[in-house]
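Structural overview for review
If you want the building blocks of each chain, they are given just below.
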Amino acid sequence: MEKNIAIIEGDGIGPEVTRQAVRVLDAIAETYNHQFDYTYCLMGADAIDKTGNPLPDETIEVCLASDAILFGAIGHPKYDNDPTAKVRPEQGLLRLRKSLQLFANLRPVTTYPALHHLSPLKQKNVEGVDFVIYRELTGGIYFGKKELNAEGTQASDDCVYAAEEISRIAHLAFQAAQKRRKKLTLVDKANVLETSRLWRKVVKEIAAGYADVELDFLFVDNAAMQIILNPKQFDVILTENMFGDIISDEASVITGSLGLLPSASIGNGSALFEPIHGSYPQAAGKDIANPLGSILSAAMLLDHFGLSDEAAIVREAVNWTLTHGFVTKDIDPVNFYFTSTLGELISDYVSGRIPGSVKSENIELRKSTII
Ligand code: IPM
Ligand code: MG
């Protein structure tokens, strides 16, 4: 198979984690006889520094012409601490989502036995958690009209949804539920918001065509609580843009490390894959960030190409590193391995070079200086 992949390394730890994911993709290409051609492009604070624009036109053109996009991370503290900044890195990502019509953001949340002890939840609640959030990504309050009055004393953000924007992602979520445990939960605030009442109406109508899927509804405040109290109850969660942003960060901590979670943003054309973590500027350039979120995003990319065996071997390799204690600093702050070491181990695994031959004493282990 021959595919064009746009690579946007982005900000902070983005470049170093993305490099490991590309390394794994290279190993897949070599082992399974595929050709992946990469085109690197700019977005975020990096793009502002180099071009003054968080999303140069060239990046949009390259992405539109690609089969998929692998993206690292976005954001820089110099903008976070300056609410008056007119140009912000995040504008790049939001514009890219809109330009490519990436209307559905998929965030799978699965737990790993090797990491249960890191979860803030009790072990019995963490075991067997396996759900996926379908977050609407190009509508709602993120993209509504924004206003600030002349005196700077009143502001508003409109939240607008059209039935069509709801139904196109709802169909994807129902189809995903059909392939999973056949349960779909719509998270909204229909007791208060008109947009949420439209979501309920549209989703109920669509449900008639998916009789094998059980549909239920949760208000977002209750959902926020249920995700912590009993995350196992969920299979597919469908929700609007802002609720999805919030509950997906909440859900991510269940696994024990934010560094592990991948995501896919899909629409009608090329799709974008990115770890859900941020740019973690404090760790940038230190080779300590967790590359698994990016590598697992590459696995979702392979799935998207229909390469399910290839995606499965990447996931198997990730599991292998976790169960053998090859983990980065976020998981074991005392005895940890480098970002690049993890990338090397996982690409070796997919090339069939381990387990047999690996000797952990031959791999550079970085001892923390705090003990
Ligand atoms: C995410 C991020 C983005 C969002 C930011 C960086 C604009 O938090 O992908 O969840 O709010 O959608
Ligand atoms: Mg977010």
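Here the structure is a predicted model, which is why all the values come from computation and not from measurement.

About the thresholds
Residues numbered from 1 in each chain as written. Chains lettered and ligands numbered in written order. Predicted model: local features only at pLDDT ≥ 70, side-chain atom pairs only at ≥ 80, totals over all residues. Heavy atoms only, no water. Near = heavy atom within 4 Å. Polar contact = N/O pair within 3.5 Å; in protein donor to acceptor, adjacent residues only side chain to side chain. Areas by Shrake-Rupley, 256 points an atom, 1.4 Å probe, with all protein chains shown as cover. Nonpolar A, V, L, I, M, F, W, Y, C, P; charged D, E, K, R; others polar. Helix = DSSP H or I, 4+ residues; strand = E, 2+ residues; numbered from the N terminus. Expected span 1.5 Å × (residues − 1). Buried < 20%, exposed > 50% of the residue type's maximum accessible area, 1.4 Å probe, protein only. Pairing = 2+ DSSP bridges. Disulfide = S-S within 2.5 Å. Core = buried A, V, L, I, M, F, W, Y, C linked by side-chain atoms within 4.5 Å. Axes fitted to C-alpha atoms, helices over the stretch in contact; angles between N-to-C directions. Contact = heavy atoms within 4.5 Å. Salt bridge = Lys/Arg side-chain N within 4 Å of Asp/Glu carboxyl O. Parallel < 35°, antiparallel > 145°, perpendicular 65-115°, else oblique. Left-handed = near helix turned anticlockwise from the far one by under 90°.

Residues in close proximity to ligand 1 include Ile74, Glu90, Arg97, Arg107, Arg135, Tyr142 and Asp245, which together make up its full environment. Within the side chain of Tyr142, an N or O atom sits 2.5 Å from an oxygen atom of ligand 1. Relative to its unbound accessible surface of 320 Å², ligand 1 loses 77% to contact with the protein. Counted by class, the shell around ligand 1 contains two nonpolar, no polar and five charged residues.

With that settled, the discussion passes to helix H11 (residues 292-304). Given a rise of 1.5 Å per residue, 13 residues ought to cover 18 Å, and the 18 Å separating the end C-alpha atoms of H11 matches this to within 8%. Downstream of H11 by a residue or two, Gly306 has a phi angle that is positive, lying close to 85°.

For strand E12 (residues 271-275), a buried count of five out of five residues is recorded, marking the element as mostly surrounded by other parts of the structure. Judged by which residues are buried, E12 turns out to be covered on both faces: Ala271, Phe273 and Pro275 on one side and Leu272 and Glu274 on the other are all buried. Summarising the sheet, strand E11 (residues 262-266) and E12 pair through four bridges and their orientation is antiparallel. The partner of Pro262 across the bridge, within E12, is Pro275.

Here we come to the environment of Trp320. Examined against the element boundaries, Trp320 turns out to sit in helix H12 (residues 308-323). Residue classification places Trp320 among the buried positions, given a relative accessible area of 7%. A sequence separation of 78 residues divides Trp320 from Met242, and the C-alpha atoms of the two residues are 35 Å apart.

Attention now moves to the state of the cysteines. As enumerated under the stated definition, the model contains zero disulfides in all. In this model Cys41 remains outside any disulfide bridge; the closest cysteine sulfur is found in Cys63, 4.5 Å from its own. The exposure class of Cys41 is buried, given its relative accessible area of 11%.

Here we take up the environment of Phe338. Its location among the elements puts Phe338 in the loop between strand E13 (335-336) and helix H13 (339-350). Owing to a relative accessible area of 13%, Phe338 belongs among the buried residues under this scheme. Sequence-wise, Phe338 and Ile247 are 91 residues apart; in three dimensions their C-alpha atoms are separated by 30 Å.

With that out of the way, let us pick up the nonpolar core. Within the largest apolar cluster, 70 residues are counted, with the highest numbers of intra-cluster contacts made by Phe36, Leu70, Tyr134, Leu238 and Leu322. The element best represented in this core is H11, accounting for eight residues. Core analysis: the next-biggest nonpolar cluster, separate from the first, contains 17 residues, Val109, Val129, Val187 and Leu218 among them.

Ordered by their spatial adjacency, ten strands build an open sheet running E2-E1-E3-E12-E11-E4-E5-E10-E8-E9, and the pairing between neighbours is mixed. Of all strands in the sheet, those with a lone pairing partner are strand E2 (35-40) and strand E9 (214-219), marking the two edges. Across the sheet, the axes of successive neighbouring strands diverge by a mean angle of 25°, strand direction being ignored. Packed on one face of the sheet, helix H5 (residues 89-99) meets strand E1 (2-10), strand E3 (68-73), strand E5 (130-136) and E12 and runs near 150° to E12. Seen against the sheet, H11 touches E1, E2, E3, strand E4 (104-110), E11 and E12 and runs at an angle of roughly 155° to E12.

The next point concerns unusual backbone geometry. We note that Asn33 has phi near 60°; this positive angle belongs to a residue other than glycine. Following the sequence through the fold, Asn33 ends up in the loop between helix H1 (14-32) and E2. For Asn33, a relative accessible area of 68% corresponds to the exposed category. Although it is not a glycine, Gln101 adopts a positive phi angle of roughly 55°.

On to the pattern of salt bridges, then. For the structure shown, the criterion picks out 19 salt bridges. Between Lys189 and Asp221 there is a salt bridge; the shortest N-O distance is 3.1 Å. Taken together, the residues span a long stretch of sequence, with Lys189 in the loop between strand E8 (183-188) and helix H8 (194-207) and Asp221 in helix H9 (residues 220-229) at a distance of 32 residues.

Quick look at the packing of H1 against H11 now. Interaxial distance between H1 and H11 falls to 8 Å at its minimum, and their mutual angle equals 40°. With respect to their mutual orientation, H1 and H11 come out oblique. H11 is crossed by H1, and the crossing has right-handed handedness. Across the interface between the two elements, Val17, Thr18, Gln20, Ala21, Val24, Leu25 and Ile28 from H1 touch Ser294, Ile295, Ala298, Leu301 and Leu302 from H11. For the contact of H1 with H11, a count of residues per class yields nine nonpolar, three polar and no charged.

For H8, spanning 14 residues, the distance from its first C-alpha to its last is 20 Å, which sits close to the expected 20 Å at 1.5 Å a residue. Within H8, the full set of buried residues consists of Thr195, Ser196, Trp199, Arg200, Val202, Val203, Ile206 and Ala207. Residues of H8 that are buried in the fold lie against E5, helix H7 (163-179), E8, E9, strand E10 (236-239) and helix H10 (241-252).

Functional significance is not addressed by these values, which are geometric in nature.
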